[in-house]
Amino acid sequence: MLEAQTREQLRAVVSNWRRAGQKIALVPTMGNLHEGHLALVAAAREQADRIITSIYVNPAQFAEGEDFGRYPRTLEQDRQQLRAAHCDLLFTPSDQIIYPHGPGDSTSLRAAPSLANILEGASRPGHFDGVVTVVARLFNLASPDVAVFGEKDWQQLVVVRRMTEDLGYSLRIIPVATVRGPGGLALSSRNRYLDIAQQPAAEQLNAVLRWAAERVAAIPGQRAAIEREAHGRLERHGLRVDYVQVVRAEDLAEPEPRDRDLRVLAAVWSGTTRLIDNLPCHVA
Ligand code: PAF
């Protein structure tokens, strides 16, 4: 596996691949890789000849008081996993490469407000601006043909898709299904903050979302009551609920009676750990 830290190193490799007519996939990550990330790499392999995985913990998408400082950084372990997964190039840019004038004084993007200021964005103002800014920067540096994102961060996927369209990037966004542990908990780097006693309640997040998705698919007219009941069920498991909401899958809008492709999304706190998850909900 090749490695690059600078724009010049990355460009040299990418230019060689381009000259050879190879198709390039980018898998943007913040590291601390788990099976969910490796599924992104595997999906990238199906779409392209060469895979670039980037690891960069992006300060601009963490608000004051969030876990930027303690976000797990496990580069050596990540490197070994990427080698085993046959990633072609690991890109680990420094802050200087991503934000030459510092994150506070760089030109940045504003994510589409109708997508970015609700759900996660309502509780984490500016989060998606930070995400689209770094993702655009990575697109510009790596110029991939496809970029791969996990469905676990459904809102992020929708926001990034819109940014890609709005800014006219000619690349395809490939969504990859969420990878879960045996109890249904979506894999996340933040799961390591959970202690063993918090695990069973955390697993209820997925169980309650499954219940809600099935109920909404069966009786979409009862959506609001189902959201309220799901909220209560999560709280009864000791989870503090930020939101549990059914939205139109493609644009996160409030569903209309004619909409068929919905998504139920939730964010909860287990102690000091924020967990998010979502499931599809197809109305027949
Ligand atoms: O999903 C993530 O890990 C991050 O939000 C991303 C897309 C790598 C941007 O920093």
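Here the structure is shown first, and the text comes after it.
The rules we used
- Residues numbered from 1 in each chain as written.
- Predicted model: local features only at pLDDT ≥ 70, side-chain atom pairs only at ≥ 80, totals over all residues.
- Heavy atoms only, no water.
- Pairing = 2+ DSSP bridges.
- Helix = DSSP H or I, 4+ residues; strand = E, 2+ residues; numbered from the N terminus.
- Axes fitted to C-alpha atoms, helices over the stretch in contact; angles between N-to-C directions.
- Near = heavy atom within 4 Å.
- Polar contact = N/O pair within 3.5 Å; in protein donor to acceptor, adjacent residues only side chain to side chain.
- Nonpolar A, V, L, I, M, F, W, Y, C, P; charged D, E, K, R; others polar.
- Buried < 20%, exposed > 50% of the residue type's maximum accessible area, 1.4 Å probe, protein only.
- Parallel < 35°, antiparallel > 145°, perpendicular 65-115°, else oblique.
- Left-handed = near helix turned anticlockwise from the far one by under 90°.
- Contact = heavy atoms within 4.5 Å.
- Expected span 1.5 Å × (residues − 1).

### A short note on the sheet that holds strand 3 (residues 50–55)
Sheet strands pair by backbone hydrogen bonding; their relative direction is either parallel or antiparallel.
Logical step 1: Across the sheet, which stays open at both edges, the six strands sit in the order 1-4-3-2-5-6 with parallel pairing between neighbours. Every interior strand has two partners, whereas the edge strands, strand 1 (2–4) and strand 6 (172–176), have only one. Adjacent strand axes in the sheet meet at a mean angle of 25° when their direction is disregarded.
Logical step 2: When strand 2 (residues 24–29) meets strand 3, the two strands line up parallel, connected through six bridges. The residue bridging Thr29 from the neighbouring strand is Ile55, located in strand 3.

### Some remarks on the site of the ligand
Logical step 1: Contacts to the ligand come from Pro28, Thr29, Met30, Asn58, Gln61, Val134, Phe149 and Gln156.
Logical step 2: The side chain of Gln61 places a nitrogen or oxygen atom 2.6 Å from an oxygen atom of the ligand.
Logical step 3: Between the ligand and the protein, one listed contact pairs an oxygen atom with a side-chain N or O atom of Gln156 at 2.7 Å.
Logical step 4: For the shell around the ligand, the per-class residue count stands at four nonpolar, four polar and no charged.

### Quick look at unusual backbone geometry
Logical step 1: A positive phi is found at His86, a non-glycine position, where the angle reads about 60°.
Logical step 2: Classification of His86 by relative accessible area gives exposed; the value is 55%.
Logical step 3: Phi angles above zero are rare outside glycine, and Ser143 is one such case at about 35°.
Logical step 4: Position of Ser143 relative to the elements: it lies in the loop between helix 7 (127–142) and strand 5 (146–150).
Logical step 5: The exposure class of Ser143 is partly exposed, given its relative accessible area of 35%.

### A word on the packing of helix 9 (residues 199–218) against helix 10 (residues 223–236)
Logical step 1: Two numbers describe how helix 9 lies on helix 10: the axes approach to 10 Å, and their chain directions differ by 165°. Considered as vectors, helix 9 and helix 10 are oriented roughly antiparallel to each other. In the packing of helix 9 onto helix 10, the handedness of the crossing is right-handed. Judged by residue contacts, Gln204, Leu205, Val208, Trp211, Ala212, Arg215 and Val216 of helix 9 engage Ile226, Glu229, Ala230, Arg233 and Leu234 from helix 10.

### Some words on helix 10
Logical step 1: Spanning 14 residues, helix 10 covers 20 Å between terminal C-alpha atoms, matching the ideal 20 Å at 1.5 Å per step.
Logical step 2: Of the residues making up helix 10, those classed as buried are Arg223, Ile226, Glu227, Ala230, Gly232 and Leu234.
Logical step 3: Two residues or fewer after helix 10 comes Gly238, characterised by a positive phi angle close to 85°.

### Some thoughts on the side chain of Thr133
Logical step 1: Mapping Thr133 onto the fold places it in helix 7.
Logical step 2: Ignoring sequence-local partners within four residues, the contact set of Thr133 consists of Tyr99, Thr107, Ser108 and Leu109.

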